[in-house]
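Chain residues, written in single-letter form:
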Amino acid sequence: MSGPISGAVTSADGTVLAFDSCGAGPAVVLVNGAFGDRAHPTLAGVAAALSPWFTVVNYDRRGRGGSGDTLPYAVEREVEDLAAVIGAAGGTAMVFGGSSGAALALEAAASGLGITRLAVWEPPYHVDDSAPPLPDDFAERLAALVDAGEWEEAVERFMVAAAQVPVEAVAAMRADPSWPYLKGVARTLAYEAAVLGPGNRLPGARLAAITRPVLVLSGERSPRWMAAAALAVAAAVPGARHRVLEEQAHAVTAEALVPELLEFFAR
């Protein structure tokens, strides 16, 4: 099987979105979460593994990789981005979204995009007191830090408050070769917070509007609040299924995802 073919598509507001496409068959679009782009090893691995059966499109969300970033930002623009990618894939597609990308994919499905089947990995909604508290204006605070030039502070604030990374671990990451990339996509962290909404609260009414088959996946070793969120999403989406992946935490591996996605998308 040949490697991925790179391409681009223009969203409704003129933003150019870069993508890689590989394989042949029904279309599957992959939606990354925070910090991820189409080069991220997890979704790149998922794309390669699914390509014998599907045409897999792995795209850079706006503000990352080879994609543009037209301002001002709005969640609706990201839904339009996904619509443009699905359009380039043929007009309808199955979709997989991870973490905050899962929340974006769920919103897109509720908006009526041409999503025929949707699988999501641990959308990080806060549904009980075990979740880390976030202010309702978290997106605005992150955006203000970036606008003030405090990009590293925005990355640290997001990692500590939203991803529960210890402060000491973030401090150590500043010396890692990946830090310049993380700092470079700092503006998009406000986008993730906007996608999840004030306080990351579960959008129950929106989820209840989804009419396509949905598979919700979570990890056996993930924090308790993420497991609770996955159960709540599955309960809110009519007819949704929930599966727990053994030995997996939030940083799930492609090897664990692929069997579940293959079974679900091949139906």
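See the structure above.
The shown structure was predicted, so the numbers you read here are calculated from the model rather than taken from an experiment. (Residues numbered from 1 in each chain as written. Predicted model: local features only at pLDDT ≥ 70, side-chain atom pairs only at ≥ 80, totals over all residues. Heavy atoms only, no water.)

Colleague: Go over the side chain of Arg64 with me, naming the residues and quoting the values.
Modeller: Its location among the elements puts Arg64 in the loop between strand E4 (55-59) and helix H2 (75-88). Assessed through its relative accessible area of 2%, Arg64 is described here as buried. In terms of polar contacts, Arg64 uses its side chain to reach the backbone carbonyl oxygen of Gly36, at 2.6 Å. For Arg64, the residues in contact, after removing those within four places along its chain, are Asn32, Gly33, Ala34, Phe35, Gly36, Asp37, Val185, Thr188 and Glu192. (Helix = DSSP H or I, 4+ residues; strand = E, 2+ residues; numbered from the N terminus. Buried < 20%, exposed > 50% of the residue type's maximum accessible area, 1.4 Å probe, protein only. Polar contact = N/O pair within 3.5 Å; in protein donor to acceptor, adjacent residues only side chain to side chain. Contact = heavy atoms within 4.5 Å.)

Colleague: Run through the packing of helix H1 (residues 41-50) against helix H11 (residues 254-265), naming residues and quoting values.
Modeller: Close contact between H1 and H11 brings their axes to 9 Å; oriented N to C, the two are set at 45 degrees. One finds that H1 runs oblique with respect to H11. For the element pair H1 and H11, the recorded crossing hand is right-handed. Together, Thr42, Gly45, Val46, Ala49 and Leu50 of H1 and Ala254, Leu257, Val258, Leu261 and Leu262 of H11 make up the contact between the two elements. Looking at the contact of H1 with H11 residue by residue, the class counts come to eight nonpolar, two polar and no charged. (Axes fitted to C-alpha atoms, helices over the stretch in contact; angles between N-to-C directions. Parallel < 35°, antiparallel > 145°, perpendicular 65-115°, else oblique. Left-handed = near helix turned anticlockwise from the far one by under 90°. Nonpolar A, V, L, I, M, F, W, Y, C, P; charged D, E, K, R; others polar.)

Colleague: Report on the nonpolar core, specifying residues and quantitative values.
Modeller: Membership of the largest hydrophobic core comes to 44 residues, with the highest contact counts inside it found for Val29 and Leu118. When residues of this core are assigned to their parent elements, the largest contribution, eight residues, is made by helix H3 (residues 100-110). Judged by nonpolar contacts, the second largest core, of 24 residues, contains Cys22, Ala47, Val56 and Ala256. (Core = buried A, V, L, I, M, F, W, Y, C linked by side-chain atoms within 4.5 Å.)

Colleague: Explain the pattern of salt bridges residue by residue, including any values.
Modeller: Under the counting rule described, the total for this entry stands at 19 salt bridges. Notably, a salt bridge pairs Glu192 with Arg64, separated by 2.0 Å at the nearest N-O pair. Of this pair, Glu192 sits in helix H8 (residues 187-196) while Arg64 sits in the loop between E4 and H2, and the two are 128 residues apart along the sequence. Take Glu192 and Arg64: they sit in the same class, and that class is buried. (Salt bridge = Lys/Arg side-chain N within 4 Å of Asp/Glu carboxyl O.)

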